[in-house]
Each structure stands twice: as structure tokens, then as C-alpha cells.
Amino acid sequence: MRTLSTAGNGKTDQALRRSYLYVPSSSDRMLDKSLSTPSDIIIYDLEDSVPPSLHDKDSARQRLSTFLSRTPEHKLPHPERIAVRLNDITMPFFENDISEILKSPFVRTLVLPKIHSARDLHHVSRAVRISRARTSTSFPIRIIASVESARSAWNLGEIASWASEYGPDVGGKLGALLFAAEDYCADTSVVRTPSRLELLYVRSQIATAAKAFGLDAIDMVCVNYKDLNYLKDECEDGRRLGFNGKQAIHPTQVDTIHSTFVPTEKEILRAAKILHQMEVAHSSQKGAFGLEMEGGGKEMIDAPMLKQAENIIRVAKAAGLEIPSVG
């Protein structure tokens with residue numbers, strides 16, 4: 001079992017994973033267009049965007065396999081940006097999906113839909129181990145568990161704490177929790193509204209469970225893909241709840257997601273001031289200080305706020321944003 005994280009979000013890498021763009025593997029045109037998307041992560045989809053017939057599933061799987069093997073390596077996205085969403089473990093397509101897809105040395109991340117319990121992840125891990133035994137690759141497979149049901153939400157703790165019985169290098173490593181809002185609503189009879197209040201509880205649960213075990217938290221798709229103002233509001237809402245990034249179903253959503261899942265200029269300036277002034281306070285053997293607030297007044301800054309400021313500066317640097325010099 002994975003242990004609780006006691007160091008912020010448990011991250012040691014600097015890669016930003018803000019946007020997760022779905023690309024239907026049933027379309028050669030969409031596959032080709034994916035080569036030019038700026039999305040942090042590209043999810044090549046074998047599940048919902050592909051019709052459910054055996055012929056269509058087999059065709060999409062083979063099309064994606066051919067795309068990954070025949071596209072020149074320098075044109076493909078970096079392997080850390082490539083993910084594949086498989087059909088879920090109860091479907092007859094799952095075994096062929098994972099066996100074929102893991103033949104590619106460029107696939108480092110698998111998105112697993114309909115993960116209801118740790119038992120489902122053990123099933124996935126066994127399939128990863130069997131498939132990897134047929135290849136010469138040695139890098140660990142990153143697993144993203146999709147939360148789509150009342151059972152998933154009920155079992156969030158055991159899902160988030162899961163670790164492969166074979167070890168991460170052989171059986172895969174859980175890297176993120178992803179919220180599939182429409183599937184969740186279908187399962188629970190929750191009625192979706194533009195306010196999103198009916199999803200506040202479960203989204204908060206997912207973000208908290210992810211952070212408790214050092215995982216990324218990936219927020220729901222904004223199905224209103226033409227209203228970028230609503231998308232921005234939904235992104236800001238997700239970021240406030242603690243999500244690291246968001247799924248996208250259309251390329252036009254990517255830029256808004258990227259610009260929202262990073263600190264604002266005001267947040268960066270405040271964080272830079274906190275880091276500088278805390279350094280001064282520590283040199284004077286003080287563990288806290290008063291920070292001037294906009295409009296007057298002071299707020300007390302101590303260790304927890306220092307940690308928040310460090311996280312803000314870390315993300316800002318990873319995004320290539322300017323860090324102001326304060327003194």
C-alpha cells in the first residue's frame with residue numbers, strides 16, 4: 001500500500017501536467033493533428049470516442065499502433081506526454097488493448113476507466129506485468145485511475161493508496177486520479193447544473209485523496225467546449241479545489257486550461273515577497289512576520305503560508321513565468 005504523503009503534493013519532477021486532451025484513435029486525421037497540439041498530455045482514446053462494435057474497436061487499436069510505430073520518432077510527442085485510454089477491464093477489448101499498446105516504447109501512461117476499487121487496479125497491474133514481460137522496455141508505466149461511480153467515490157482511499165504487488169517497475173505505478181463527471185452523474189443520478197455545486201463534494205474528495213498520496217488530481221471535462229469564458233470559470237474553480245489540471249475534448253480548450261492552471265501575477269508577487277521576507281525573519285531568529293496587504297492591514301505569515309508560497313514559485317518556474325525580484 002502507498003504511504004501518505006507528508007511533503008506537499010509529493011512531487012519531485014518539474015513537468016507541468018495541466019491539460020489532458022483526448023484524441024479519438026479511430027480517426028487518422030485526428031491522430032495526425034495531435035502531432036501539433038501544445039497539450040501537456042495527449043490521451044489517445046480507445047474507449048468512449050470509438051464505436052462499441054468489435055470491428056471498430058479492433059480497427060482503432062490497430063490504427064493507433066500503426067501511428068505510434070510508423071510516425072518518425074522526432075515527430076511524435078515526447079513519451080512523457082503520451083497516454084492511452086484503454087477500454088475498461090470488464091470489456092472484451094481490454095486484454096488486446098493493453099497487450100498491443102504496451103508494445104510501443106513511446107507509451108508511458110495508461111488511463112484506466114471505471115476503476116471502482118483497488119481490486120480493479122490489481123487486475124490492471126497483472127495485465128501490465130504480463131504485457132511488459134513480452135517486451136524489453138524497463139521504464140515504469142504510469143497509471144491514471146478514472147473515478148466514475150459511487151463505488152469509486154466510496155473507495156477513494158483504497159484506490160489512492162494502491163501500490164502494485166509486483167512493484168512499480170513491473171506492475172505500474174499510480175500517478176493520478178481523474179474525475180469522469182458525466183459517468184459519475186449517470187451512475188449516481190446527480191443532476192448536472194452550470195453552478196457545479198452538486199459535484200463540489202466529490203471533486204473535493206478526489207483532490208484531497210490524490211494529494212494525500214502524492215498523486216495528480218485531474219478535473220472533469222467541460223462539455224460546453226465552445227464557451228471559453230465558462231471553461232475559464234470552471235478551470236479557476238478546479239484550481240481552487242486543488243486540481244493540478246483538466247481534461248479537454250477540443251484543442252481550443254487547451255490554451256485556456258494552460259493559462260488558468262498556473263499562478264496569477266498577484267499570486268507570484270505575493271509568494272516572492274513571502275519567500276524573501278521569511279528569509280529575513282529567519283535570519284533574525286523569527287518564525288513569522290506581518291505581510292502588508294493591499295488596501296491596508298497586515299496578515300501573519302508563518303510556516304504553512306511559506307509552503308504555499310514555495311509551491312506557487314515552483315509551478316511558476318515550471319511554466320516559464322517571470323518571478324519578480326523583491327527586496
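Residues numbered from 1 in each chain as written. Predicted model: local features only at pLDDT ≥ 70, side-chain atom pairs only at ≥ 80, totals over all residues. Heavy atoms only, no water.

Considering the overall build of the chain
Scanning the chain for helices and strands turns up 13 helices and 10 strands. Relative to the 2.2 N^0.38 estimate, which gives 20 Å for 327 residues, the radius of gyration of the chain is 21 Å and therefore close to what a compact globule would have. Expressed along its principal axes, the backbone C-alpha trace of the chain runs to roughly 70 × 45 × 45 Å. Taken over 327 residues, the chain has a buried fraction of 47%. When contacts within the chain are restricted to residue pairs at least 6 apart in sequence, those whose partners lie at least 24 apart make up 71%. Computed over 41 positive and 41 negative side-chain charges, the separation of the two mean positions in the chain equals 3 Å. (Helix = DSSP H or I, 4+ residues; strand = E, 2+ residues; numbered from the N terminus. Rg over C-alpha atoms; globule rule 2.2 N^0.38 Å. Buried < 20%, exposed > 50% of the residue type's maximum accessible area, 1.4 Å probe, protein only. Contact = heavy atoms within 4.5 Å. Lys, Arg positive; Asp, Glu negative; His and termini not counted. Charge placed at Lys NZ, Arg CZ, Asp CG, Glu CD.)

Comments concerning unusual backbone geometry
In this model, Arg196 sits at a positive phi of 70°, which is unusual for a non-glycine residue. Along the polypeptide, Arg196 turns up in the loop between helix 8 (181–188) and helix 9 (200–212). Looking at Arg196, the relative accessible area reads 6%, which means it is buried. Here the phi dihedral of Gln285 falls at roughly 60°; this positive angle occurs in a residue that is not glycine.

A closer look at the UniProt feature "domain: HpcH/HpaI aldolase/citrate lyase" (unreviewed entry) in the chain
The sites that UniProt annotates as "domain: HpcH/HpaI aldolase/citrate lyase" (unreviewed entry) are residues 18–251. Across residues 18–251 one finds 41% helix and 17% strand; the C-alpha atoms that close the span lie 14 Å apart. (UniProt positions renumbered as here; feature names shortened; annotations may be inferred.)

Structural notes on the packing of helix 2 (residues 54–70) against helix 3 (residues 94–101)
Here helix 2 crosses helix 3 at 5°, and the two axes come no closer than 10 Å. With respect to each other, helix 2 and helix 3 are oriented roughly parallel. Residues Arg61, Gln62, Leu64 and Ser65 of helix 2 form the contact with helix 3, whose own contacting residues are Asn96, Asp97, Glu100 and Ile101. Among the residues forming the contact of helix 2 with helix 3, the class breakdown is two nonpolar, three polar and three charged. (Axes fitted to C-alpha atoms, helices over the stretch in contact; angles between N-to-C directions. Parallel < 35°, antiparallel > 145°, perpendicular 65-115°, else oblique. Nonpolar A, V, L, I, M, F, W, Y, C, P; charged D, E, K, R; others polar.)

Side note on the sheet that holds strand 5 (residues 142–147)
Read around the barrel, eight strands follow the order 1-2-3-4-5-6-7-8 and close on themselves; strand pairing throughout is parallel. Here the strands of the sheet are splayed against their neighbours by 25° on average, with no regard to which way each runs. Bridge count between strand 6 (residues 173–179) and strand 7 (residues 216–219): three bridges; the pairing is parallel. For Leu178, the partnering residue across the bridge sits in strand 7 and is Ile218. (Pairing = 2+ DSSP bridges.)

What to know about the environment of Cys185
Inspection of the secondary structure assignment puts Cys185 in helix 8. With relative accessibility at 7%, the residue Cys185 sits in the buried group. Sequence spacing of Cys185 and Ile41 is 144 residues, and the spatial spacing of their C-alpha atoms is 25 Å. Discounting chain neighbours no more than four positions away, the residues touching Cys185 are Val190, Arg192 and Leu199.

Brief notes about the packing of helix 3 against helix 4 (residues 118–132)
Here helix 3 crosses helix 4 at 45°, and the two axes come no closer than 9 Å. Here helix 4 runs oblique to helix 3, going by the angle between their axes. Where helix 3 crosses over helix 4, the two elements pack in a sense that is right-handed. Across the interface between the two elements, Phe94, Glu95, Ile98 and Ser99 from helix 3 touch His123, Val124, Ala127, Val128 and Ser131 from helix 4. Counted by class, the contact of helix 3 with helix 4 contains five nonpolar, three polar and one charged residues. (Left-handed = near helix turned anticlockwise from the far one by under 90°.)

Side note on the side chain of Asn155
Within the secondary structure, Asn155 sits in the loop between helix 5 (150–154) and helix 6 (156–160). Judged by its relative accessible area of 17%, Asn155 is buried. Excluding its chain neighbours within four sequence positions, the residues that come into contact with Asn155 are His116 and Ser117.

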